[in-house]
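Below, each chain spelled out in residue letters.
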Amino acid sequence: MTTTPPRVSDDRVRRLTSTLYGYAFLEDFILLYPVYALLFSDTGLTVWQISSLFALWSVTGVLLEVPSGAWADTVSRRLSLWLGPLLTAAGFALWVLLPSYGAFAVGFVLWGAGGALGSGALEALVHDELERLGAADRYARVMGRARAAGLVAVMAAMGLAGPVFAQGGHTAVGAASVLVCLLASATALRFPEHRTPAAGHDSWTATLRAGLAEARADRSVRGALLLVPAVSAVWGALDEYTPLLVRGTGVADWTVPYLLLLVWAGATAGSLLAGEGERLGTTGLAALLAGAGLALAVGAAGGTPAGLLLVALAFGGFQAATVLADARLQRRIDNGGRATLTSVAGLGTELATVSVYGGYALIASGHAHGTAFAVFAVPYLATAAVLYAVARSRSATTGA
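Residues numbered from 1 in each chain as written. Predicted model: local features only at pLDDT ≥ 70, side-chain atom pairs only at ≥ 80, totals over all residues. Heavy atoms only, no water.

Tallying each qualifying case throughout the model produces six salt bridges. Residue Asp 128 is joined to Arg 77 by a salt bridge in which the shortest nitrogen-to-oxygen separation is 2.6 Å. With Asp 128 in helix 6 (residues 121–132) and Arg 77 in helix 4 (residues 77–97), the pair connects residues that are 51 residues apart, well separated along the chain. With a relative accessible area of 10%, Asp 128 lands in the buried category. Three or more residues joined by partner-sharing salt bridges are found here, namely Asp 73, Arg 77, Asp 128 and Arg 338. (Salt bridge = Lys/Arg side-chain N within 4 Å of Asp/Glu carboxyl O. Helix = DSSP H or I, 4+ residues; strand = E, 2+ residues; numbered from the N terminus. Buried < 20%, exposed > 50% of the residue type's maximum accessible area, 1.4 Å probe, protein only.)

Taken as a whole, this structure holds 25 aromatic pairs when the rule is applied. Geometrically, the ring pair formed by Tyr 33 and Trp 111 is stacked, given 5.6 Å between the ring centres and 10 degrees between the ring planes. Taken together, the residues span a long stretch of sequence, with Tyr 33 in the loop between helix 1 (10–28) and helix 2 (36–43) and Trp 111 in helix 5 (residues 101–118) at a distance of 78 residues. Arranged with centres 5.9 Å apart and planes meeting at 85 degrees, the rings of Tyr 360 and Phe 373 form a pair that is edge-to-face. With a gap of 13 residues between them, Tyr 360 in helix 14 (residues 338–364) and Phe 373 in helix 15 (residues 369–375) connect regions that are remote in the sequence. Accessibility classification places Tyr 360 together with Phe 373 in one group, the buried group. (Phe/Tyr/Trp six-rings, centres within 6.5 Å; stacked < 30°, edge-to-face > 60°.)

Worth remembering: the numbers are spatial, not functional.
Have a look at this one:
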């Protein structure tokens with residue numbers, strides 16, 4: 001286990017966290033997000049072609065998720081965070097300058113690669129730097145605020161995309177998105193990085209093997225790895241369908257964005273409160289997931305606008321649990337392969353998310369969207385039951 005160093009000046013912690021919050025905001029402040037489907041359609045792409053682009057994006061992320069984490073552990077996590085937004089910016093520039101199916105495909109590959117480079121590297125860098133500063137106990141609170149900054153950025157981008165698009169069309173929205181990516185890349189250079197790769201890890205493949213060996217050898221690491229996708233995948237996939245859920249309550253279309261902001265506000269509040277949740281322990285995390293799952297089921301199944309308050313509450317609980325699951329994982333990883341194993345958890349989340357998409361399509365094809373949302377509360381209740389059983393087992397063992 002790593003010995004926690006004595007606390008140092010909070011100035012260094014503030015520099016790290018302010019850089020993190022700025023980076024997290026810029027990563028998600030992409031004006032193209034709400035309108036890129038319109039760009040594809042206006043270029044003449046069919047629904048099948050658009051769907052194939054989304055599939056290519058997902059496959060790219062799945063294939064590069066773990067190798068990119070191992071590369072970050074081997075070379076530099078800060079370099080990964082700098083390079084990722086540059087690749088994304090190149091992809092967005094291609095979309096606007098050469099709008100065509102081929103350019104969109106290359107752009108999605110670049111975007112997927114950029115996202116993979118940041119996944120795992122960011123969490124690993126922040127945790128290790130906080131630990132070096134004697135502030136590892138702040139990790140959940142800090143990452144919760146960073147996630148909140150990202151959610152605020154998404155909402156801000158949704159609000160600004162319309163006026164910018166009205167003034168300058170796809171070119172203006174795309175140029176703004178490229179500029180933001182370049183700013184995110186520049187911000188990444190402010191991250192401190194004081195680690196060096198572990199001895200003997202002279203290639204990313206060696207780092208990858210070492211990280212996977214740690215997961216196989218340590219049962220607590222395996223459990224923490226499985227918990228991340230169990231908590232984050234389902235609600236992360238359901239988020240894509242929230243506009244359909246809101247419309248299904250019978251409200252006018254023009255009110256849908258405002259009610260979506262309610263749901264996003266719930267998730268943002270969950271991020272901000274995640275730091276307080278570290279005191280919950282395993283039993284408390286189980287209760288949080290169970291309560292959020294029940295709120296999702298009741299709120300969605302009701303099919304009324306008032307029920308969206310419960311959905312917002314559920315998303316807040318899921319967001320907080322996602323941050324807490326990540327914090328549990330970071331506490332259990334030896335820092336040498338931290339980005340690698342965090343990326344393994346990210347890969348599990350990606351694969352689980354794809355399966356949720358398929359399951360949702362199957363359920364929603366014959367039932368209301370509220371019913372589909374309610375069905376997907378069940379995995380959270382099951383996860384809560386498993387966590388509660390684990391906590392009881394540990395308590396019994398300790399008591400014995």
